[in-house]
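Descriptive analysis of the structure
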Amino acid sequence: MSEEIAMANDTTVTVVGNLTADPELRFTPAGVALVKFTVASTPRVFDRASGEYRDGDPLFLTCTAWRDLAEHIAESLAKGTRVVVAGRLRLSRWENEEGEKRSAYGLDVDEVGPSLRFATATVKKMSRTRSGGDGFAPEAPADDPWSTAAPAAA
């Protein structure tokens, strides 16, 4: 799969919800990382009859990410994690074995991160190496401002 650039006519969406299972990391025959995961987003709706909020109908959205992002998702997120996912909405169409036409929406992920509404997170920047290998250095360079949580001295 070649690098894609989001076009003006792509439908971009942001979804906040919880992962329904651990992300599934796979590799294409060419060795390209691919991860799939499902986000469940349940709206809160006000019930005028009871005067209380209740859960609305949930949305289950299958998300797909590629390459480094796929590996980072698989290493960082797990079932139940509340996430914020942004990407391009895609419609898939197919016929099942009985010849019935089916369709489903999915999300080609551009960005994902943990929601910090009910949790905290520690960010670790991945550094590239030129040596090949797995593509990541075991430690950040000494002058990397992301390598520590404390602000740099002025």
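Up top is the structure.
Residues numbered from 1 in each chain as written. Predicted model: local features only at pLDDT ≥ 70, side-chain atom pairs only at ≥ 80, totals over all residues. Heavy atoms only, no water.

1. A few points about the side chain of Asp10
- Looking at the element boundaries, Asp10 is found in the segment before β1 (12–19).
- Of the polar contacts made by the side chain of Asp10, one reaches the side chain of Arg90; its length is 3.4 Å.
- Setting aside its immediate chain neighbours within four residues, Asp10 contacts Arg88 and Arg90. (Helix = DSSP H or I, 4+ residues; strand = E, 2+ residues; numbered from the N terminus. Polar contact = N/O pair within 3.5 Å; in protein donor to acceptor, adjacent residues only side chain to side chain. Contact = heavy atoms within 4.5 Å.)

2. A closer look at the environment of Asp57
- In this structure, Asp57 sits in the loop between β5 (52–55) and β6 (59–66).
- Spatially, the C-alpha atoms of Asp57 and Pro43 are 7.0 Å apart, while their sequence positions differ by 14 residues.
- Setting aside chain neighbours within four positions, we find Asp57 in contact with Ser41 and Pro43.

3. Thoughts on the pattern of salt bridges
- Summed over all chains, the structure comprises seven salt bridges.
- In this structure, Asp55 engages Arg44 in a salt bridge whose closest nitrogen and oxygen atoms are separated by 2.8 Å. Placement of Asp55 in strand β5 and of Arg44 in strand β4 (residues 44–47) is noted, with a sequence separation of eleven residues between them.
- Among the residues examined, Asp55 registers a relative accessible area of 48% and is labelled partly exposed.
- Across the salt bridge formed by Arg88 and Asp110, the nearest N and O atoms sit 2.9 Å from each other. Of the two residues, Arg88 sits in strand β7 (residues 82–95) while Asp110 sits in strand β8 (residues 101–114), which places them 22 residues apart along the sequence. (Salt bridge = Lys/Arg side-chain N within 4 Å of Asp/Glu carboxyl O. Buried < 20%, exposed > 50% of the residue type's maximum accessible area, 1.4 Å probe, protein only.)

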